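Residues per chain, in single letters:
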2 protein chains.
Amino acid sequence: MMKVALIGLGSVGRGVAGMIQKKDLGITITGIADSKSGAMDPAGLDIASLLANKGRNGSCGDREISASDVIKKADYDALIEVTPTNALSGEPAIGYIKSALLRKKHVVTSNKGPVALAYKELRALAEKNGVALRYEATVAGAIPIMHTLEHGLLGNEILALYGVLNGTCNYILTRMAAEGLTYEQALMEAREMGYAEADPTYDVMGIDAAIKLVILANSVWGDSKQLSDVDRTGIDLLTPDALRLAADLGCTIRLIAEAIPRKHILRVSPRILEKNHPLVVDGTLNALTLETDMAKEITLIGRGAGSIETASAIIGDLLYINDRYVHRA
Amino acid sequence: MMKVALIGLGSVGRGVAGMIQKKDLGITITGIADSKSGAMDPAGLDIASLLANKGRNGSCGDREISASDVIKKADYDALIEVTPTNALSGEPAIGYIKSALLRKKHVVTSNKGPVALAYKELRALAEKNGVALRYEATVAGAIPIMHTLEHGLLGNEILALYGVLNGTCNYILTRMAAEGLTYEQALMEAREMGYAEADPTYDVMGIDAAIKLVILANSVWGDSKQLSDVDRTGIDLLTPDALRLAADLGCTIRLIAEAIPRKHILRVSPRILEKNHPLVVDGTLNALTLETDMAKEITLIGRGAGSIETASAIIGDLLYINDRYVHRA
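Residues numbered from 1 in each chain as written. Chains lettered and ligands numbered in written order. Predicted model: local features only at pLDDT ≥ 70, side-chain atom pairs only at ≥ 80, totals over all residues.

Structural notes on the overall build of chain A
Of the regular secondary structure elements, chain A holds twelve helices and twelve strands. Projecting the C-alpha coordinates of chain A onto the three principal axes gives extents of approximately 65 × 45 × 35 Å. Within chain A, the fraction of its 329 residues that count as buried is 55%. Intrachain contacts of chain A at a sequence separation of at least 6 include 70% that bridge at least 24 residues. (Helix = DSSP H or I, 4+ residues; strand = E, 2+ residues; numbered from the N terminus. Buried ≥ 20, exposed ≤ 12 C-beta atoms within 10 Å, placed from the backbone. Contact = placed C-beta atoms within 7 Å.)

Details of the relation of the copies chain B and chain A
Its rotation angle being 180°, the transformation that places chain B on chain A also includes 0.0 Å of axial translation and leaves an RMSD of 0.0 Å. Accordingly, the operation relating the two chain copies is best matched by a two-fold axis. In terms of proximity to the rotation axis, the leading residue of chain B is L300 of chain B, whose C-alpha is 2.3 Å off the axis. Most of the interface of chain B is mirrored in chain A, where 100% of its interface residues again form contacts. (Least-squares fit on C-alpha atoms with pLDDT ≥ 70 in both.)

Digging into the pairing of strand 2 (residues 27–33) of chain A
Residue and element names in this part refer to chain A. Counting buried positions along strand 2 gives six out of seven residues, so the element sits mostly inside the fold. Where strand 1 (residues 2–7) and strand 2 come together, six bridges link them in parallel fashion. Looking at strand 2, one finds that I7 is bridged to A33. With respect to chirality, the unit in which strand 1 leads through helix 1 (residues 11–22) into the neighbouring parallel strand 2 is right-handed. For strand 2 and strand 3 (residues 38–40), the ladder comprises three bridges, and the chain directions are antiparallel. (Pairing = 2+ DSSP bridges. Right-handed = clockwise from strand over helix to strand, strands pointing away.)

Thoughts on the interface of chain B and chain A
Residue-level contacts link 36 residues of chain B with 36 residues of chain A. Contributions of two or more residues to the side of chain B that touches chain A are made by helix 6 (145–152), strand 12 (297–303) and helix 12 (307–326) of chain B. Note: strand 12 (residues 297–303) of chain A against strand 12 of chain B, three bridges, orientation antiparallel. In the strand pairing of strand 12 of chain B, I301 of chain A is matched with T299 of chain B.

Side note on the nonpolar core
Of all hydrophobic cores here, the largest spans 228 residues; its most connected members are L213 of chain A together with L213 of chain B. Discounting residues that sit within four places of it in the chain, L213 of chain B has contacts with L165, V230, A257, A259, L266 and V268 of chain B. (Core = buried A, V, L, I, M, F, W, Y, C linked by C-beta atoms within 7 Å.)

Rendered as structure tokens:
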């Protein structure tokens, strides 16, 4: 049985906890923490009752126990770090992850901050301590892009990658094209559907897509790119006229993140694509095309967000670690 | 250095040999055979000169050495079995593969016959001998579908799968819809482009897609399905009128292979799909959608055929085996 500590009990954390409870995965949760409290039990925690606590009084465990306590003291093989992304400092997640790696614990995270801001340092720390650092859930939700790069396309040189990495923008562009809505109307609809935040800046200005692009570029090419290296244009100035002109050509517009090292391109911008282009997906879907030397173009399409969809990526990482390291030890 | 024996020097075999020569993969070819001759050298063969031999006199090596000799006597870690598919008997490939597995050699094949006809037996033989049997290249060319099922979606239950698995049919349907061609006209064009055989029965009657569907179903659900279990309709009776009617509804027609165990469906048939459906890919592309419990729908699109594209799948399998078994031994 693989023991895990779960830090963060938002939508993703609850999704992961629920799936570990429901499915017979050979995983037991021995430590848990939200922003206010924590709990530990080397024999396995009663997750249902801790989640019920959280529902009743806002904290899952003991208010005397912090996330740091759980990370430093609990008995676990892998840390699941699913606290909210802080794209500026990456904290407190960077500290959490370092703390676990230094204890020679594997780490699985859905948190874009640490991976975008401190990839080289964290990667080196994981290697030095002989443990895995996996982050499939940081990019494109349920799409197993990191596994595809790591195993599926083994032996291929990745020449370029292109993606629809932000579901909110894709929903807005889909609705503008389908119904002739203005940007503001489509954004309001996205908010009503729960796809856009009250402050949509992070999504519509392309920042979220750019962070994911940085994570991909650094993973694929071992670069040390930063958010500021991305040439970035959002979708907020797009007009229904622009979409109508594209439609007249049998095309539509999508916010595309692209990395083409041979051309020194690292860019997020609205692009005109033919309607039958594989990256033209509808609604909140995500899509990614990898251009490679042998397999040529491989496209993956799937859900870019959602509690259970993100849990799928996290659980895939956990089971991979279990099979590769823990189970064999 | 991982040692491999390569059996079969058609388009796929030459693609694999070329990539092993060109790329620094840590793989050396110590045995090789075509239908007429063979060669062995535990220190590694001079592939360029053997391929030049084949170009000159039709055989790559010594006519006294058969494929069976190479499989039974050469010094190698993994067999690459890329002889032509015999969908009726699976031979001689089944015999080749058994012979290698009995010697405790890993096997990588692009040959659909053995995997569709003798999966359970070959799988059991590989397990008994503690070696890998991998066949990524048998289904959907360069698309890493087996790796996605094995790693990318680990922990997910696969509820159903749907695919465009035959590039010839997809090309014919794409051209019929785009240009209003009849089936016969589009088939003739596919022949001229080299996408269809002189006898297209195997492709257009859905047999090739059905064999791939059997391989997928047996891999995913551990079934023992056979070609005769597939409910199969080809594209040969489709008319331009049918495609025009579909187009009037914003739809088009594709030959879809589908397996839905909960509904006892295992079927290959022309289906009407909305034009923006992820499986509506153009030309000779292949596409596959996996319906899962956590990740929901994941679609993969890529090239279904081609010498280098198929070599990509084979080399991915070889490197996986090298990393997982040989390199660690």
